[in-house]
Every structure is written in C-alpha cells, then in structure tokens.
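Breakdown of the fold
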Amino acid sequence: QVRLVESGGGLAQPGGSLRLSCAASGSTFSFNAMGWYRQAPGKQREAVASIISDGSTYYIGRVKGRFTVSRDNTENTVYLQMNSLKPEDTAVYYCNALYYDVEFWGQGTQVTVSS
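What you see is a predicted model; the values in this text were computed from it and never measured. (Residues numbered from 1 in each chain as written. Predicted model: local features only at pLDDT ≥ 70, side-chain atom pairs only at ≥ 80, totals over all residues. Heavy atoms only, no water.)

Before going further, it helps to spend a moment on the nonpolar core. Of all hydrophobic cores here, the largest spans 30 residues; its most connected members are Trp 36, Leu 80, Met 82 and Tyr 93. Going through the elements one at a time, β3 (18–25), β4 (33–39), β5 (46–52), β7 (67–72), β8 (77–82), β9 (91–99) and β11 (109–113) are the ones with two or more residues in this core. Residues in contact with Tyr 93, not counting those within four places in the same chain, are Glu 6, Leu 20, Trp 36, Tyr 37, Arg 38, Val 48, Phe 67, Leu 80, Met 82, Gly 108, Thr 109 and Val 111. (Core = buried A, V, L, I, M, F, W, Y, C linked by side-chain atoms within 4.5 Å. Buried < 20%, exposed > 50% of the residue type's maximum accessible area, 1.4 Å probe, protein only. Helix = DSSP H or I, 4+ residues; strand = E, 2+ residues; numbered from the N terminus. Contact = heavy atoms within 4.5 Å.)

Let us look at the packing of aromatic side chains. A full pass over the atoms with the stated rule returns 6 aromatic pairs. Residues Tyr 99 and Tyr 100 carry aromatic rings whose centres are separated by 4.8 Å and whose planes lie at 80° to one another, so their mutual orientation is edge-to-face. Ring-pair connections join several aromatic residues into one group, and the members of that group are Phe 29, Phe 31, Tyr 99, Tyr 100 and Phe 104. (Phe/Tyr/Trp six-rings, centres within 6.5 Å; stacked < 30°, edge-to-face > 60°.)

Turning next to unusual backbone geometry. One non-glycine residue, Ser 84, adopts positive backbone phi at about 50°. When you line up the elements, Ser 84 lands in the loop between β8 and β9. Here Ser 84 falls in the partly exposed class, since its relative accessible area comes to 39%.

In structure tokens, the structure reads:
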C-alpha cells in the first residue's frame, strides 16, 4: 500500500521560510509526477507546484520566484522550499503523486503565516 507522509509544516512569520517534505513508502515504482496542492479555509484545493520525472516543474503564478519544488527520485521524495512567505500562503498543504492515471495523496500539513 502506497503512503505519502508530509512533514515540515508549522508557523512562520511573513517573509520567513519553511521547507515541506513528502516521503512515499510502499511503492516499487517511480512516480511520473509529484507535487503539492493547498487548501485554505473556505477555498478550493489548488495545485501549487509539481515536478515530473524529467525534472520539469510547474508553479502557479502566485508562488513563482518564492517557492521551489524538487524531488529525489531514488527516494521517491518531493520537497517544497517556501521563501518570502505571505499570510495568503496559509493553508493545509497536501502532497500528491501520480503514477499513470492513479493519484495518491498525503494527509496534509498545516502551514500558517502570521506575525
């Protein structure tokens, strides 16, 4: 059974940084894509950043230049380095992994940006 486990969330001040990690266990294959979604209170879940197996990356406009997604293919782990955090980045962040047409989700980790 594939499990995605996130870590690294917490409280940060505006302008601060956090690094999220997501480790996959139970898989014998490498995911085609891994990435991060987030959901703020009262809002829909949105894709934040993703990285595919060839290293290509995608970011939503609001985080470009501030967030960096990376992965370790040998460990099936994906990271999200978040810099210059803003209060509007506050949300539950979910790890996502895709193997062909099958999606896997982590349980989510809270990120709160507040002074």
